[in-house]
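# Report on the structure
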Amino acid sequence: MRPTESPQIQLDAVSKAYGDVMAVDALDLTIGDGEFFSMLGPSGSGKTTVLRLIAGFERADSGTIRLGSEDVTALAPFDRDVTTVFQDYALFPHLNVLENVAYGLRVRGVGKAERSSRAREALAMVRLDHVAARKPTELSGGQRQRVALARSIVVRPKVLLLDEPLGALDLKLREQMQVELKQIQRELGITFVFVTHDQEEALTLSDRIAVFDSGRIVQLGTPKEIYERPTSQYVADFVGTSNVFDEEIAKRVLKMEGAFALRPEKILLSPATATAPAGAMTAAGVITESIYIGTGHRVHIELEDGTRLVALEQSRGALHPDAAEPESRGDRVVASWSPGDLVPLGTGSSRAVQHR
Amino acid sequence: MTLSSISSTLSRRPGIRLGLLLAAPLTWLVLVYVVALAALLVTAFWTIDSFTNELERTFTLDNVREITGEALYRSVTLRTLGVALLVTLIDCAIALPVGFYMAKVASRRSRHLLVIAFLMPLWASYLVKALAWRSLLSNGGLLDWAGGLVGLGSPGFGFTAIVLTQAYIWLPYVILPVYAAYERVPDSLLDAAGDLGARPALTFRTVVLPLVVPGLVAGSIFSFSLTMGDYITVNIVGGANQMLGNLVYINSGSNLPLAAAIALIPIVVIMIYLALVRRTGALENL
Amino acid sequence: MRTIPTRYTATRTLGGAVAALSLITLTACGGDSGSESTGAVEKLGENEGEVSILAWPGYVEDGSTDPKVDWVSGFEKETGCQVTSKVYGTSDEAFNLAKSGEYDVVAASGDLTLRMIAAGEAAEVNTDLIPNYEGIYDFLKDREWNTVDDKNYGIPHGYGANLLMYNTKDVTPAPTSWKAVFEDAPKHKGKVTAYDSPIYIADAAVYLMAHQPDLGIENPYSLDEKQLDAAVELLKTQRASVGEYWSDYTKTQASFETGDTVVGTTWQVIANLIDPKKASVEAILPSEGATGWNDTWMISSKAKSPNCAYAWLNHISDPKINAQATEYFGEAPNSDKACEFASEGHCETFHAGDAEYAEKIWFWNTPIEKCLDGRTDVKCTDYQDWTKAWAEIKG
């Protein structure tokens, strides 16, 4: 589904400043109908402001915002066919769960019986019909999150905006909610615009991702494009961990011109005695640290010229042909990778991020 | 017992520790508050020698019978109640928009200035404020002049003057809790209501107001009960009117038991008020 | 001592606080005062260095109100007794304050003295220890408001009438009768004032004595139920025209100055204080006569500084001082000698020493059940009844 086929949200040269700070800088963005679209970036990168501009909580200083075919730039939130799931859920503490969910229907003048049954349906969708009579304070974080979701979808908006909705949940719950969100989005078939600073979440859920930096989009693409082909050091670094070879290091280690990124999982470590596969690029070094991370080890290597690399070694089942004991600290190893896994980075597209 | 053994005993016995800590304030509270109130209650059922003003400690219901039976006490109670309700109404009507503006609209800087501005009258003596209103309301005073511009005079000293002055004096006591209640309403709730389609007026009615009601109730308890007990403002701007406080005052000289019995009226009224408020459930959220 | 304008504050707040406090102390330890007589002191001792005085406004002046009006500084220098004073607005207020035992000396009117004596709040006074006592008019000595059972409880200070004050611009023709605040009150509806105390009922009784003789009122402090009802009725009618009642003299002073009040009862001292630039007023003794006061300096039975108290009683009875104080307040002094020191015409204006004239002023007294006018066939209404009636009048 490409956005250009049937645009649902269109931002043209939208800017928003807070005092001297440009929160959103002449932003162009098109989001398609039924798309799960994520805006990814660190705090202060402008992604939440874009969300609030779409919702109508903030007014753009310049530019136009369209929802469907309608210019909503000057419309108040209550005149936009968009609902929001807030980071803090923003459930009404004086209303019970059912009343919270039915609120949007109530203010639209939907009759009592109908809104009650529709609210129950929405609650059933998030599997919370059993807590309908409770107050929000009596719910767990995950339950509140789902009530907020139900409250937003019950009015059947064309677009659902989600402002870091999973941020406050623990890992297990977060992963479970990610699956549910995706399911619900598929069922409803409406556009989801999802703001997060968690790159893994964005990669998991999204049809497309926009990576934000300083009020601009620095890269826009599918999760695979973003992850596999970051166009800048900033993206390479922000989305997942990357080994970044700047021009100087690239010349020294890779004997190549330009800057490159290399994902840790693309590196194969072998004992110094082993021979590297044909066509592979290699570099010898010493393991300085090997950190167990459950699914494998994160291994830090110092090359002979002092350059540091990070590699990821999967734990493998005993049946795997390459199953072997991992190397440990102080071992001499050879790191090898395919030249095709090297991602050339654009120069000067963004400020440099220090390698972590 | 050495000092260290005392302290080790205390650290093992949190009950004793707490008791010692609270003993002084509790004694004070019991003596000053409970005993005084009990004394008041008891006195209401005594009588007095009419010439020497000496108490005669014989139980009688005469005073209670008098304050419940005489038309005077009914009309003064109704007047006092009317003033208290009007003052509360006016203060709430002012506090709701002002509190909203302070908490949700004003910039941080002007918010601080507003809070200070609304608290400032608290730094002035009660009497100064009442006397200031006396000069505002008096013949040729500011209200007289301003009212003259639109063809009205000053309301003069009397019922209206009492309501205005009391509403002014107790306003900070209502604005503060209301403002605090607004402060506690997260902005995201307002966003959420608008987001779900509620226009501002509806948002206010369905989301903000229910959440501010506890603050409003707290404030109204202040303005209501403080007005119920007042007698000084009445003396200063009330013209020929009297409220329950004045009856207490005038009788405290010549008939203490009757004064005590009259003092029971506002206590009963305030208790009824609190009971009504309690039924709304607003007290639990205070 | 404070200046007059600030006194308002002090009186009011303290009055309230003390009223509340006395409520507590009275109930907690009431009845400690009996009528046990300890007898008067025989000999004076060393002055204690301080004395606290409870008095009507204008009675204890140290120059802070008006630098020319000062009879306290000299006393302090002479005796070493530092004076602290407090003013009160009504006898009821004074009674409550006096009971606190905070005051060594109390200046009391006739509606207070007997209550003080009966409640054991007043100490017997040995007049031999007060040299200036001798010169005082005989008709003020050993009267029912200062002497009980041949025991003297105080030194006469001065006496005067509750006057009718009016704004000469607004109230024309110039009134000569209390009619101005009764029958004619509606002419100045909302701008009439009256003294805020149950004792004001006596003013109505004085008026009724002259205008409704068939009620048979002989003494305005001695009203049977029917007579009281008539007075109450008159005052209820008046109430419709009353703008405000006063017990703080500064309040009524300000009201006359702003024009909020144009006619009503007053004291000479208030008329004297009103700024002629703000309002032109006249205070007269109406044709019906008037109620009035005849004040007594008493010593508290709980006095902490009895010697300084005696010194004060002697000082204030000094003809020169007494002339100054009574002239300032606007009342007749207590001796012929004082008249020598008073301004020209003062003693004539107030008919000082004229025992017959003094008989026409109905000095404040405490109404009691036993009729003061000698009737025995009816029960008279007492002060409690008056208090109740007063509350009803105000409604």
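Residues numbered from 1 in each chain as written. Chains lettered and ligands numbered in written order. Predicted model: local features only at pLDDT ≥ 70, side-chain atom pairs only at ≥ 80, totals over all residues. Heavy atoms only, no water.

Chain C is annotated in an unreviewed UniProt entry as Extracellular solute-binding protein of Nocardioides turkmenicus. Listed under Subcellular location (unreviewed entry) in UniProt, the entry text for chain C is "Periplasm". (UniProt positions renumbered as here; feature names shortened; annotations may be inferred.)

You'll find chain A entered in an unreviewed UniProt entry as ABC transporter ATP-binding protein, with Nocardioides turkmenicus given as the organism.

### Things to note about the nonpolar core
Membership of the largest hydrophobic core comes to 150 residues, with the highest contact counts inside it found for Ile201, Trp267, Trp297 and Trp312 of chain C. Broken down by element, this core gets its largest block of residues, 12 residues, from helix α13 (residues 256-280) of chain B. Counting residues in hydrophobic clusters, the runner-up holds 57 residues, among them Val195 of chain A together with Ala95, Tyr179 and Tyr182 of chain B. (Core = buried A, V, L, I, M, F, W, Y, C linked by side-chain atoms within 4.5 Å. Buried < 20%, exposed > 50% of the residue type's maximum accessible area, 1.4 Å probe, protein only. Helix = DSSP H or I, 4+ residues; strand = E, 2+ residues; numbered from the N terminus.)

### Description of the interface of chain C and chain B
Between chain C and chain B, the contact holds 48 residues from the first and 42 residues from the second. Viewed at the interface, chain B and chain C are joined by two salt bridges. Between Glu66 of chain B and Lys388 of chain C there is a salt bridge, with its nearest N and O atoms 3.3 Å apart. Going through the elements one at a time, α1 (4-29), α3 (91-99), α4 (110-118), β10 (242-246), α7 (249-258) and α14 (383-394) of chain C are the ones with two or more residues in the side of chain C that touches chain B. The element that contributes the greatest number of residues to the side of chain C that touches chain B is α1 of chain C, accounting for 11 residues. When its residues are assigned to classes, the side of chain C that touches chain B shows 16 nonpolar, 17 polar and 15 charged. (Contact = heavy atoms within 4.5 Å. Salt bridge = Lys/Arg side-chain N within 4 Å of Asp/Glu carboxyl O. Nonpolar A, V, L, I, M, F, W, Y, C, P; charged D, E, K, R; others polar.)

### Focus on the packing of aromatic side chains
Residue and element names in this part refer to chain C. Inspection of every chain in the model, using the stated rule, returns 37 aromatic pairs over all chains. Judged by centre distance (5.1 Å) and plane angle (85°), the ring pair of Phe75 and Trp312 falls under edge-to-face. Linking Phe75 in helix α2 (residues 73-79) with Trp312 in helix α9 (residues 306-317), this pair joins segments that are 237 residues apart in sequence. In terms of burial, Phe75 and Trp312 fall into one category: buried. Three or more aromatic residues joined by ring pairs form one cluster here, namely Trp56, Tyr59, Phe75, Tyr88, Tyr195, Trp246, Trp267, Trp293, Trp297, Trp312, Phe329 and Trp364. Cation over ring: Arg115 sits above Phe95, and NZ or CZ is 5.3 Å from the ring centre. (Phe/Tyr/Trp six-rings, centres within 6.5 Å; stacked < 30°, edge-to-face > 60°. Lys NZ or Arg CZ within 6 Å of the ring centre and 35° of its normal.)

### Some thoughts on the pairing of strand β1 (residues 50-55) of chain C
Residues and elements named next belong to chain C. Taken across its six residues, β1 has five buried, putting it largely inside the fold. In terms of strand pairing, β1 meets strand β2 (residues 82-87) through six bridges, oriented parallel. Considered in β2, the bridge of Val51 is made with Val83. Tracing the backbone out of β1, into α2 and back to the parallel element β2 gives a crossover that is right-handed. Alignment of β1 against strand β3 (residues 105-108), held across two bridges, turns out to be parallel. Across the sheet, residue Ile53 finds its bridge partner in β3, namely Val105. (Pairing = 2+ DSSP bridges. Right-handed = clockwise from strand over helix to strand, strands pointing away.)

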